[in-house]
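Chain by chain, the residues run as shown.
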Amino acid sequence: MSEVVKNRPRYGVMRLIDATGYRLPLAGIVSILHRISGMLMFLLLPFILFLLDKSVTSEVSFSELQALTSGVFVKSVILALVWAFLHHFCAGIRHLIMDLHYGLDKHSARKSAVSVLAVSITLAALVALKLFGVF
């Protein structure tokens, strides 16, 4: 009897490495990205407030801010923040619509997840082109 108890699978104990073995549907990936984008915006809030403070203090500090944000790394951080905002906004609208019990079936959830990714990535790409001086 004790051998049966020892060989039973343990339920409820999951490590982070175990999560890599699961294949999530696209709606699940969008939901996780929604959480990640919210966390990214929250963590970068001091950076945003610093940029805002530097931009409105004086003309000299605005010039310093322009010099600071001309680097590729800072532009990449700003682009990540813009993507986080756009994705969080689009996915938030999707979640609000789903809270009204629309689009809950598998086919509609997949279509709305694809549209959230398409819209957020397209808008972020347009901002990236503007940010990096293409137009």
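Residues numbered from 1 in each chain as written. Predicted model: local features only at pLDDT ≥ 70, side-chain atom pairs only at ≥ 80, totals over all residues. Heavy atoms only, no water.

Draft legend 1. View of the overall build of the protein chain. In terms of regular secondary structure, the protein chain is built from six helices and zero strands. Tracing the protein chain from N to C terminus, the helices and strands come up as α-α-α-α-α-α. Relative to the compact-globule value of 14 Å for 135 residues, the protein chain shows a C-alpha radius of gyration of 21 Å, a clear excess of over 25%. Taken along the three principal axes of its C-alpha coordinates, the protein chain extends 80 × 35 × 25 Å. (Helix = DSSP H or I, 4+ residues; strand = E, 2+ residues; numbered from the N terminus. Rg over C-alpha atoms; globule rule 2.2 N^0.38 Å.)

Draft legend 2. Representation of the packing of helix H5 (residues 72-99) against helix H6 (residues 106-131) in the model. With their axes 9 Å apart at the nearest point, H5 and H6 run at an angle of 155° to one another. By the angle class used here, H5 and H6 are roughly antiparallel. Where H5 crosses over H6, the two elements pack in a sense that is right-handed. A per-class count over the contact of H5 with H6 returns 19 nonpolar, three polar and two charged. (Axes fitted to C-alpha atoms, helices over the stretch in contact; angles between N-to-C directions. Parallel < 35°, antiparallel > 145°, perpendicular 65-115°, else oblique. Left-handed = near helix turned anticlockwise from the far one by under 90°. Nonpolar A, V, L, I, M, F, W, Y, C, P; charged D, E, K, R; others polar.)

Draft legend 3. Representation of H5 in the model. Between its first and last C-alpha atoms H5 spans 40 Å; for 28 residues at 1.5 Å apiece the expected length is 40 Å, and the two agree. Looking one or two residues past H5, His 101 carries a phi angle of roughly 70°, positive in sign. (Expected span 1.5 Å × (residues − 1).)

Draft legend 4. Region of the structure containing the nonpolar core. The biggest cluster of nonpolar side chains holds six residues, and these are Val 30, Cys 90, Ala 91, Ala 113, Val 116 and Leu 117. The element best represented in this core is H6, accounting for three residues. With sequence-adjacent residues up to four places away left out, Val 30 is seen in contact with His 87, Ala 91, Arg 94, Ala 113, Val 116 and Leu 117. (Core = buried A, V, L, I, M, F, W, Y, C linked by side-chain atoms within 4.5 Å. Buried < 20%, exposed > 50% of the residue type's maximum accessible area, 1.4 Å probe, protein only. Contact = heavy atoms within 4.5 Å.)

Draft legend 5. The arrangement of unusual backbone geometry in detail. The backbone of His 101 shows a phi angle near 70°, a positive value even though the residue is not glycine. Mapping His 101 onto the fold places it in the loop between H5 and H6.

Draft legend 6. Examining the packing of aromatic side chains more closely. Tallied over the entire structure, the rule returns one aromatic pair. When the ring of Phe 85 is compared with that of Phe 89, the centres are 6.2 Å apart and the planes differ by 25°; the resulting orientation is stacked. Pair noted here: Phe 85 and Phe 89 are both in helix H5, with a separation of four residues, about one helical turn. (Phe/Tyr/Trp six-rings, centres within 6.5 Å; stacked < 30°, edge-to-face > 60°.)

Draft legend 7. Molecular detail of the packing of helix H3 (residues 45-57) against H5. Direction vectors running N to C along H3 and H5 enclose 115°, while the axes themselves pass 12 Å from each other. Considering the relative orientation of H3 and H5, their crossing is left-handed. Residues Phe 47, Ile 48 and Leu 51 of H3 pack against Val 74, Val 77, Ile 78 and Leu 81 of H5.

Draft legend 8. Examining the pattern of salt bridges more closely. Scanning all chains against the criterion turns up one salt bridge. Here Lys 54 makes a salt bridge to Glu 64, at a shortest N to O gap of 2.9 Å. Of this pair, Lys 54 sits in helix H3 while Glu 64 sits in helix H4 (residues 59-68), and the two are 10 residues apart along the sequence. The partly exposed category is assigned to Glu 64, whose relative accessible area is 42%. (Salt bridge = Lys/Arg side-chain N within 4 Å of Asp/Glu carboxyl O.)

Draft legend 9. Structural context of a nonpolar patch on the surface. Residues Leu 24, Ile 29, Ile 32, Ile 36, Met 39, Phe 42 and Leu 43 make up a contiguous nonpolar surface patch of roughly 680 Å² in combined accessible area. In this structure, Ile 32 sits in helix H2 (residues 26-43). (Patch = residues over 30% accessible without salt bridge, like charges linked within 9 Å, V, L, I, M, F, W, Y side chains within 5 Å. Areas by Shrake-Rupley, 256 points an atom, 1.4 Å probe, with all protein chains shown as cover.)

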